[in-house]
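# Commentary on secondary and tertiary structure
Letter by letter, the chains look like this.
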Amino acid sequence: MQTNIGKKAAGEKAAGYIKPGMTVGLGTGSTAYYTILRIGELVRDGLDIKAVATSAQSEELAREQGIPLIDFDQVDSIDIDIDGADEADAQLQLIKGGGGALLREKIIAAASKEMVVVIDEQKLVKHLGKFPLPVEVATFAWELTFRQLVAIGAHPVLRMKDNQRFLTDNGNYILDCHYQKIHNAAALHAQLNNVPGVMENGLFLHYATRLIIGAADGSVREI
Ligand code: 5RP
């Protein structure tokens, strides 16, 4: 993987917010990757934490790094969740799910006291929506769900990978919904999740507590 300096800078900086004894949510994607590597270093240097992962991919990386993982039956609440995003605005509203992990990511974010979001500077936007909004849907009768989404103006496209339908870790499909610009994110969030067959959508409106933005020169700033 080619190093993206902004992602690396933001991802590594976020690990500095982890304190001994914390339960940490591990995000998914190429920015959270750098956070997990840095957490691995800290753990090998003696940092005592426990972690839960937002995807099979991050779980595997955490195991390789020697980060102690716990089962959800041992988790009451998560102290800090560190995750990437596909778009973020200055009000800390996000689009997530480009990597297809949005349902698990939202469950972990909702159970976390803090959510630190790590992005490179190109993902900071004035208005959400240029990035197609991922919507996770049940495979059962997905064509009907698809048509319901067409009817409410979502312009969905079934996500494919290697010429196959992309399947999430939960065995669902992703419909990427093309809006260009989202005007009322809260209303859209409710409207999408009201469609039977929709498991979750990639709008994260009230979860992020801190945004760390990495620039191409390796500097970071925070909102
Ligand atoms: C996965 C996500 C990722 O956080 C998002 O796609 C950003 O990924 P990356 O850091 O690779 O750009 O939401 O579902």
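Residues numbered from 1 in each chain as written. Predicted model: local features only at pLDDT ≥ 70, side-chain atom pairs only at ≥ 80, totals over all residues.

## A few points about unusual backbone geometry
We apply this condition: Numbering of helices and strands runs from the N terminus, with a helix taken as a DSSP run of H or I at least four residues long and a strand as a DSSP run of E at least two residues long. Neighbour density around each residue's C-beta defines its exposure: 20 or more other C-beta atoms within 10 Å make it buried, 12 or fewer make it exposed, and counts between make it partly exposed, where C-beta atoms are placed from the backbone.
The backbone of alanine 141 sits at a positive phi, close to 50 degrees, despite the residue not being glycine. One non-glycine residue with positive phi stands out, namely histidine 155, at about 50 degrees. Of note, histidine 155 is situated in the loop between α5 (142-151) and β8 (156-158). Judged by the 14 C-beta atoms lying within 10 Å of it, histidine 155 is partly exposed.

## Some remarks on the packing of helix α1 (residues 5-14) against helix α2 (residues 32-44)
When two helices pack together, their arrangement is captured by the angle between the axes and the distance separating the axes. For clarity, the cut-off: Under this scheme, a helix contributes an axis fitted over its contacting stretch, all axes are lines through C-alpha atoms, and angles between N-to-C directions fall in the 0 to 180 degree range. The cut-offs work like this: below 35 degrees is roughly parallel, past 145 is roughly antiparallel, 65 to 115 is roughly perpendicular, and the gaps in between are oblique. For a crossing to be left-handed, the near helix must be turned anticlockwise from the far one by less than a right angle; the clockwise case is right-handed. Distance between backbone-placed C-beta atoms decides contact: two residues are in contact if it is within 7 Å. Ten residues, namely Ala, Val, Leu, Ile, Met, Phe, Trp, Tyr, Cys and Pro, are considered nonpolar, four, namely Asp, Glu, Lys and Arg, are considered charged, and the remaining ones, Gly among them, are considered polar.
Closest axis-to-axis distance for the α1/α2 pair is 7 Å, and the angle between their directions is 45 degrees. Considering the angle they form, α1 stands oblique to α2. At the point where α1 passes α2, the crossing takes the right-handed sense. Residues Lys7, Lys8, Gly11, Glu12 and Ala14 of α1 form the contact with α2, whose own contacting residues are Ala32, Tyr33, Tyr34, Thr35 and Arg38. Residues of the contact of α1 with α2, tallied by class, amount to four nonpolar, two polar and four charged.

## What about the sheet that holds strand β5 (residues 94-95)?
Rule in force here: Note on pairing: DSSP must find at least two bridges between two strands before they are called paired.
Spatially, the three strands line up as an open sheet ordered β4-β5-β13, and their pairing is antiparallel. This sheet does not close on itself; its edge strands, each paired only once, are β4 (87-88) and β13 (203-204). In the sheet, β5 pairs with β13 via two bridges, with the strands oriented antiparallel. Pairing of isoleucine 95 across the sheet is with leucine 203, part of β13.

## Re the site of the ligand
Definition in use: In this entry, near means the residue's backbone-placed C-beta atom lies within 6 Å of the molecule or strand.
Taken together, 17 residues lie around the ligand, and Gly29, Ser30, Gly84, Gly98 and Gly99 are the ones closest in. By residue class, the composition of the shell around the ligand is three nonpolar, 10 polar and four charged.

## Points about the UniProt feature "active site" (unreviewed entry) in the protein
We apply this condition: UniProt positions are given in the numbering used here, feature names are shortened, and annotations may be inferred rather than shown by experiment.
The UniProt entry lists Glu105 under the feature "active site" (unreviewed entry), expressed in the numbering used here. Residue position: glutamate 105 is located in helix α4 (residues 102-110). Residues contacting glutamate 105, with those up to four places away along its chain left out, are Gly27, Thr28, Thr54, Asp83 and Lys96.

## Some points on the environment of asparagine 201
Among the structural elements, asparagine 201 can be located in strand β12 (residues 198-201). Residues contacting asparagine 201, with those up to four places away along its chain left out, are Leu133, Val135, His189, Leu192 and Asn193.

## Structural notes on the sheet that holds strand β15 (residues 220-222)
Read from one edge of the open sheet, six strands run β2-β1-β3-β6-β14-β15, paired in mixed fashion. Edge positions in the open sheet fall to β2 (50-53) and β15, since each of these has one partner strand only. Here the average twist between neighbouring strands, direction ignored, is 20 degrees. Here strand β1 (residues 23-26) pairs with β2 via four bridges, running parallel. If you follow glycine 25 over to β2, its bridge partner there is valine 52. Taken strand by strand, α1 contacts β3 (78-84), β6 (112-120), β14 (210-214) and β15, and its axis lies near 145 degrees from that of β14.

## A look at the domain arrangement of the protein
Cut-off, in case you're wondering: The domain boundaries here were taken from an automatic or database domain assignment.
Domains assigned within the protein are domain 1 (5-123 + 205-221) and domain 2 (133-197). Computed from C-alpha coordinates alone, the two centres of domain 1 and domain 2 are separated by 24 Å. Facing the 12 residues of domain 1 at the interface are 11 residues of domain 2. Partitioned by chemical class, the residues of the side of domain 1 that touches domain 2 number six nonpolar, five polar and one charged.

## Regarding the packing of α2 against helix α3 (residues 56-65)
Packing of α2 against α3 leaves a shortest axis separation of 9 Å and a crossing angle of 25 degrees. Classified by the interaxial angle, the pair formed by α2 and α3 is roughly parallel. Read as a crossing pair, α2 and α3 show a hand that is right-handed. On α3, the residues that touch Ala32, Tyr33, Ile36, Leu37 and Gly40 of α2 are Ser58, Leu61, Ala62 and Gln65.

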